[in-house]
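Residue-level structural notes
These are the residues of each chain, in order.
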Amino acid sequence: MSRPLLLHVGVQKTGTTSLQRFLRRSERELSDLLILRTPEEGTPMRPLGRAAIAFSLTPDDTHRDRLIAALDAVLDTLPDDARGVILSHENLAGAMPGNGGETRLFPTLPQMLSLIVARAEARGYAPHVAVYTRRMTAWLPSVWAQAVRTDGYAETLAQFRDSTAALPGWGDLMRRLSAELGAARVSRLRLEDEPDADRPGRQLLALAGVPEARLDALPLLDGRAMERLSPGATEFLRRLNGLALNPHARDRVADLVARSQPLFTAHLPSEGTL
């Protein structure tokens, strides 16, 4: 019998950071049922996410081979037993709108997941894909702010909306995934349906077979991840992105901005002295 493998592919800006923090916090309590892998620094999950982004932007043979090699590196770390596995990485969805010039709704995701699923099956796993979604009216502004913060995006929100005006809804993405992988291998999990903000990812864990009573007993998440910079900090970075800065220098400034947001909030007093 093939070993269950649940691929949580994000998408970005659907609460993935909090979900992954909760998975790591719950790892010991679930260790008899599941092996959990998230993109922690220094683990093979990080290169897997980078390979997925690169393939989504340039889906050629070279990037395909790198993607498969990165997946193999992750699978090679898994203990050889019968427990199910969750691989959680939002970048397994590929480049989001605003990243690398992408303006479409994950156009290469079906092709990419077909490669990943086939490779996992060849290694003795039974893969299933889980995709979290969020209402488009809330998702697009959050994606824009994230692209400004991490991807050097320099356009305004209005310009971003214009460039993504033709985006279809999530139903289109799910239909494309189902057509490529088979409907039985794909699950859509709506962020709005999560029943407990202090235990994020409950739908994902239930899909992985964790009983309801076990879910109720998991420790609460201690604090929430900051999902978005303040409007003033985001606008500062957006304008900064229009300058010809060295990418390393730009990233250092972005980190300073994230840690000094009161400086960019006009209606609040500064913290400390300037």
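Residues numbered from 1 in each chain as written. Predicted model: local features only at pLDDT ≥ 70, side-chain atom pairs only at ≥ 80, totals over all residues. Heavy atoms only, no water.

A word on the pattern of salt bridges
Tallied over the entire structure, the rule returns 21 salt bridges. Between Arg123 and Asp76 there is a salt bridge; the shortest N-O distance is 2.7 Å. Note that Arg123 is positioned in the loop between helix 4 (109-122) and strand 4 (125-133) and Asp76 in the loop between helix 3 (61-75) and strand 3 (84-88), a separation of 47 residues in sequence. The exposure class assigned to Arg123 is partly exposed, which follows from its relative accessible area of 33%. Its relative accessible area of 54% is what places Asp76 among the exposed residues. Residue Glu235 is joined to Arg238 by a salt bridge in which the shortest nitrogen-to-oxygen separation is 2.9 Å. Residue Glu235 and its partner Arg238 are located together in helix 10 (residues 231-241), separated by three residues, close to a single helical turn. Looking at Glu235, the relative accessible area reads 26%, which means it is partly exposed. (Salt bridge = Lys/Arg side-chain N within 4 Å of Asp/Glu carboxyl O. Helix = DSSP H or I, 4+ residues; strand = E, 2+ residues; numbered from the N terminus. Buried < 20%, exposed > 50% of the residue type's maximum accessible area, 1.4 Å probe, protein only.)

Some points on the confidence of the model for the protein
Residues with a pLDDT of 70 or more make up 95% of the protein, whose mean pLDDT is 93. Long-range and interchain partners of residues 268-274, a stretch whose pLDDT sits below 50, account for three contacts in this model, where long-range means more than four residues apart. (pLDDT = per-residue confidence, 0-100. Contact = heavy atoms within 4.5 Å.)

Section: the side chain of Ser88
The residue Ser88 is located in strand 3 in this model. A relative accessible area of 0% means that Ser88 is categorised as buried. Polar contacts involving the side chain of Ser88 include one to the side chain of His8, which spans 2.7 Å. (Polar contact = N/O pair within 3.5 Å; in protein donor to acceptor, adjacent residues only side chain to side chain.)

Here we look at the environment of Ala217
Following the sequence through the fold, Ala217 ends up in helix 9 (residues 212-217). Along the chain, Ala217 and Val257 lie 40 residues apart, while their C-alpha atoms are 38 Å from each other.

Details of the environment of Val257
Mapped onto the fold, Val257 is located in helix 11 (residues 247-259). Residues Val257 and Asp80, 177 residues apart in the sequence, show an inter-C-alpha distance of 44 Å. Discounting residues that sit within four places of it in the chain, Val257 has contacts with Ala233, Phe236, Leu237 and Phe264.

Description of the packing of helix 5 (residues 136-150) against helix 11
At a closest axis distance of 9 Å, the pairing of helix 5 and helix 11 adopts a crossing angle of 125°. In terms of their interaxial angle, helix 5 and helix 11 are classed as oblique. Here helix 5 contributes Val148, Arg149 and Thr150 to the contact with helix 11, which in turn contributes Arg250, Ala254 and Ala258. By residue class, the composition of the contact of helix 5 with helix 11 is three nonpolar, one polar and two charged. (Axes fitted to C-alpha atoms, helices over the stretch in contact; angles between N-to-C directions. Parallel < 35°, antiparallel > 145°, perpendicular 65-115°, else oblique. Nonpolar A, V, L, I, M, F, W, Y, C, P; charged D, E, K, R; others polar.)

Overview of the pairing of strand 4
Burial of strand 4 is extensive: eight of the nine residues sit out of reach of the surface. Bridge count between strand 1 (residues 3-8) and strand 4: six bridges; the pairing is parallel. Bridged to His8 within strand 4 is Ala130. Pairing between strand 4 and strand 5 (residues 186-190): five bridges, direction parallel. When the bridges of strand 5 are listed, Thr133 appears paired with Arg190. (Pairing = 2+ DSSP bridges.)

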